[in-house]
Amino acid sequence: MAKIVITSGPTRQYLDPVRYLTNASSGQMGAALAAVGLRLGHDVTIISGPVQVEYPSKATVVSVMTTQEMLEATAEHFKLSTGLIGVAAPCDYMPKVIQRQKIAKVGGTLRLELIETPDIVATIAATKREDQWVVGFALETEDHRHRAIAKMQRKRCNLMISNSASAINSSQTDLEILNADSFLIEHVVGTKQHAAIRIWDAITNYCGVGCRRPS
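Reading guide: rules and limits
Residues numbered from 1 in each chain as written. Predicted model: local features only at pLDDT ≥ 70, side-chain atom pairs only at ≥ 80, totals over all residues. Heavy atoms only, no water. Pairing = 2+ DSSP bridges. Helix = DSSP H or I, 4+ residues; strand = E, 2+ residues; numbered from the N terminus. Axes fitted to C-alpha atoms, helices over the stretch in contact; angles between N-to-C directions. Contact = heavy atoms within 4.5 Å. Expected span 1.5 Å × (residues − 1). Buried < 20%, exposed > 50% of the residue type's maximum accessible area, 1.4 Å probe, protein only. Parallel < 35°, antiparallel > 145°, perpendicular 65-115°, else oblique. Left-handed = near helix turned anticlockwise from the far one by under 90°. Nonpolar A, V, L, I, M, F, W, Y, C, P; charged D, E, K, R; others polar. Salt bridge = Lys/Arg side-chain N within 4 Å of Asp/Glu carboxyl O.

*Asks:* In this structure, what is going on with the sheet that holds strand β9 (residues 133-140)? I would like to understand it.
*Replies:* Through backbone hydrogen bonds, the strands of a sheet pair up, either in parallel or in antiparallel fashion. With respect to topology, eight strands assemble into an open sheet ordered β5-β4-β1-β6-β9-β10-β11-β12, the strand pairing being mixed. Both outer strands of the open sheet, β5 (60-63) and β12 (184-191), are each paired with one neighbouring strand and no more. Strand-to-strand twist of the sheet, defined as the mean angle between neighbouring strand axes without regard to direction, takes the value 20 degrees. As judged from the six bridges shared by β9 and strand β10 (residues 159-164), these two strands associate in the parallel manner. In the sheet register, Leu139 faces β10, and the bridge partner there is Asn163. Contacting β1 (3-8), β6 (83-86), β9, β10, β11 (172-179) and β12, helix α5 (residues 192-207) crosses the sheet at an angle of about 160 degrees to β12.

Next up, the structure:
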């Protein structure tokens, strides 16, 4: 049995006490990957942003809000884990200044100054030992495979899953699984439950995780 960490869902970056930046990530892919991992006999910890999806009861769920909180929780649990599946869609930007009070309407244009948040997968992958692996997800709206390969190389991932915005908050997905040599392992179209099985098969074959395929 391996210890696996899965990041899932979105994060929120507050602008003021009531408004925030986020996205429509539902956590469905994270839940599907966790369910398959548990069926394979692994110990699964999910680091999740705010979602409505119900995660498998046998998984350990750590709830977070911001990208920084997700990074800190993931880093802590990854220390004693075999692998990370970074399927979450954390906010890439946060306001430079978080207003203490609700931002009032000013009758004109409101300008926000944003700064980048930490890259969770890249940060974790930079710390991985030889006996650990990291699988990343790249959601792009254009040049999917090219950008996914670039992200995989930059983030030092063992596998990269390339998908499009159509997968957000949907039960279906259309994705490509790429290995560290930028080779297309498989193009998967179907439910996220089906895709989770195919992704775990790739992890087994390319990351050295010995496990049986679920029925």
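So much for the structure itself; the text now carries on.
*Asks:* It is not clear to me how helix α2 (residues 67-78) should be interpreted in this structure. Could you clarify?
*Replies:* Each α-helix turn comprises 3.6 residues. Residues three or four places apart therefore point the same way. Along its twelve residues, α2 runs 16 Å from first to last C-alpha, staying within 8% of the 16 Å computed at 1.5 Å per residue. All buried positions along α2 are accounted for by Thr67, Met70, Leu71, Ala73, Thr74 and Phe78.

*Asks:* Looking at this structure, how should I read the environment of Ala59?
*Replies:* Note on placement: Ala59 falls in the loop between β4 (43-48) and β5. Residue Ala59 is classed as buried on the basis of its relative accessible area of 11%. Setting aside chain neighbours within four positions, we find Ala59 in contact with Leu38, Val44 and Ile46.

*Asks:* Would you mind showing me how to read the packing of helix α1 (residues 28-39) against α5 here?
*Replies:* Packed helices, taken two at a time, are described by the angle their axes make and the gap between the axes. With their axes 8 Å apart at the nearest point, α1 and α5 run at an angle of 55 degrees to one another. Taken together, the axes of α1 and α5 are oblique relative to one another. Taken as a pair, α1 and α5 cross one another with a handedness that is right-handed. Mapping the contact onto sequence places Gln28, Met29, Ala32, Leu33, Val36 and Gly37 in α1 and Lys192, Gln193, Ala195, Ala196, Ile197, Ile199 and Trp200 in α5. When its residues are assigned to classes, the contact of α1 with α5 shows nine nonpolar, three polar and one charged.

*Asks:* I keep staring at unusual backbone geometry and nothing clicks. Help me out?
*Replies:* In most cases, non-glycine residues show a negative phi, while peptide bonds are predominantly trans. Residues other than glycine seldom take positive phi values, yet Arg156 does so here, at roughly 60 degrees. Given the relative accessible area of 46%, Arg156 is considered partly exposed. One non-glycine residue, Asn169, lies in the positive phi region at around 55 degrees. Inspection of the secondary structure puts Asn169 in the loop between β10 and β11. With relative accessibility at 51%, the residue Asn169 sits in the exposed group.

*Asks:* Would you take a moment to explain the pattern of salt bridges for this structure?
*Replies:* A side chain of one charge can pair with a side chain of the opposite charge if their charged atoms are brought near each other. In the structure shown here, the tally under the stated rule is 13 salt bridges. Of the charged contacts in the structure, one is a salt bridge between Glu76 and Lys79, with a shortest N-O distance of 3.4 Å. Among the residues examined, Glu76 registers a relative accessible area of 49% and is labelled partly exposed. Between Arg198 and Glu186 there is a salt bridge whose closest N-O contact spans 2.9 Å. Of this pair, Arg198 sits in helix α5 while Glu186 sits in strand β12, and the two are twelve residues apart along the sequence. Among the residues examined, Arg198 registers a relative accessible area of 17% and is labelled buried. Several salt bridges share partner residues, and in doing so they unite Glu140, Glu142, Arg147 and Lys151 into one network.

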